[in-house]
Amino acid sequence: MSDPTEANGTAGTAGAGEAAQSAADGGAGERRVRVVLVDDHRMFRTGVQAEIGQTAETGVEVVGEAADVDQAVTVITATRPEVVLLDVHLPGGGGVEVLRRCAPLMSDTERPVRFLALSVSDAAEDVIGVIRGGARGYVTKTITGTDLVNSVFRVQEGDAVFSPRLAGFVLDAFASTDAPPVDEDLDRLTQREREVLRLIARGYAYKEIAKQLYISVKTVESHVSAVLRKLQLSNRHELTRWATARRLV
């Protein structure tokens, strides 16, 4: 495992001033939260660590970090943090895949591991995907350190936390009678597999997909094979028809 002093995270909620005052008054000595940071950009993790990782001041103890899905699952399982700051786009399947593989930890009634999603994206697919996967909130990377600390403690307590500009969108998305139904077939695919699926359906060659996603041609072939197997399709032509019918192209 990498050095746990590297970090990533985010938050955005009301009450940040109270959190800062609590820490200034010595409140951090009374409240503590163990956190794992998951983000594939080391510089970002380092910056977040500098913002929130001073345990004596913030009450946040960074117990681990990870840069991809496999590392994240390993570190989270080993350390059992109270909160995971989770990037949405990760090598190996994205934040949704981490949530899927950590589902038993989230449902543990005695020591639940809770997730707060972190991303530069405010796309509906990203937000709804991780919330459906079990994350307790979704905040953007424009968050301040003080708001991040406050949000981490709120998630630890079981609250739902969203960046202000996303909160209304999330409520509308789940309340709307026009919201798209859950596609169980699509949910079987990881985030990376969905990306490859869309590019295949748009007519991209394997080499073009590899270049665009910064992966090898062999990895593209592996993802395509996995997609065909999970969707029970025979070739890329059937895959294209499947994606077109669902307006994914």
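Residues numbered from 1 in each chain as written. Predicted model: local features only at pLDDT ≥ 70, side-chain atom pairs only at ≥ 80, totals over all residues. Heavy atoms only, no water.

Colleague: Hey, could you go over the packing of helix α2 (residues 42-52) against helix α8 (residues 145-156) for me, with residue numbers and the actual values?
Modeller: For the pair α2 and α8, the least separation of the axes is 9 Å and the interaxial angle reads 80 degrees. Between α2 and α8, the interaxial angle falls into the category roughly perpendicular. Where α2 abuts α8, its residues Val48, Glu51 and Ile52 lie against Gly145, Leu148 and Val149. Grouping the amino acids of the contact of α2 with α8 by side-chain chemistry returns four nonpolar, one polar and one charged. (Axes fitted to C-alpha atoms, helices over the stretch in contact; angles between N-to-C directions. Helix = DSSP H or I, 4+ residues; strand = E, 2+ residues; numbered from the N terminus. Parallel < 35°, antiparallel > 145°, perpendicular 65-115°, else oblique. Contact = heavy atoms within 4.5 Å. Nonpolar A, V, L, I, M, F, W, Y, C, P; charged D, E, K, R; others polar.)

Colleague: Just give me the short version of the packing of aromatic side chains, but keep the residues and values in it.
Modeller: Per the stated rule, a full pass over the model turns up zero aromatic pairs. Of note, Arg31 hangs over the ring of Phe153, and the distance from its end group to the ring centre comes to 3.8 Å. For Lys141, the ring lying beneath its charged end belongs to Phe44, and the centroid distance is 4.5 Å. (Phe/Tyr/Trp six-rings, centres within 6.5 Å; stacked < 30°, edge-to-face > 60°. Lys NZ or Arg CZ within 6 Å of the ring centre and 35° of its normal.)

Colleague: Explain the nonpolar core to me, using residue names and the numbers behind them.
Modeller: Residues Ile76, Val98, Phe115 and Tyr138 are the most contacted members of the largest nonpolar core, which totals 28 residues. Secondary-structure elements contributing two or more residues to this core are β1 (33-38), β2 (60-66), α4 (69-79), β3 (83-87), α5 (94-101), α6 (103-106), β4 (114-119) and α7 (124-133). Looking at this core element by element, the count peaks at five residues for α4. Every residue in contact with Val98, bar those within four places of it in the chain, is listed here: Val69, Ala72, Ile76, Leu86, Leu90 and Phe115. Residues Ile200, Ala201, Leu239 and Ala243 belong to the second largest nonpolar core, which totals 21 residues. (Core = buried A, V, L, I, M, F, W, Y, C linked by side-chain atoms within 4.5 Å. Buried < 20%, exposed > 50% of the residue type's maximum accessible area, 1.4 Å probe, protein only.)

Colleague: Go over α2 with me, naming the residues and quoting the values.
Modeller: Within α2, burial applies to Arg45, Val48, Gln49 and Ile52. The arc that holds every buried residue of α2, seen down its axis, measures 105 degrees, which confines them to one face. In α2, the exposed positions angled more than 90 degrees off the buried face are occupied by Met43 and Ala50. Elements in contact with the buried residues of α2: β1, α3 (55-58), β2, β3 and α8. (Arc of directions from axis to C-beta.)

Colleague: Account for the sheet that holds β1, with residues named and values stated.
Modeller: The six strands are arranged β2-β1-β3-β4-β5-β6 in an open sheet whose pairing can be described as parallel. Each edge of the open sheet carries a strand with a single partner, namely β2 and β6 (161-162). Where β1 lies against β3, four bridges are found, and the strand directions are parallel. Across the sheet, the residue bridging to Val38 is Leu86, located in β3. Against the sheet, α5 engages β3 and β4, with an angle of about 150 degrees to β3. (Pairing = 2+ DSSP bridges.)

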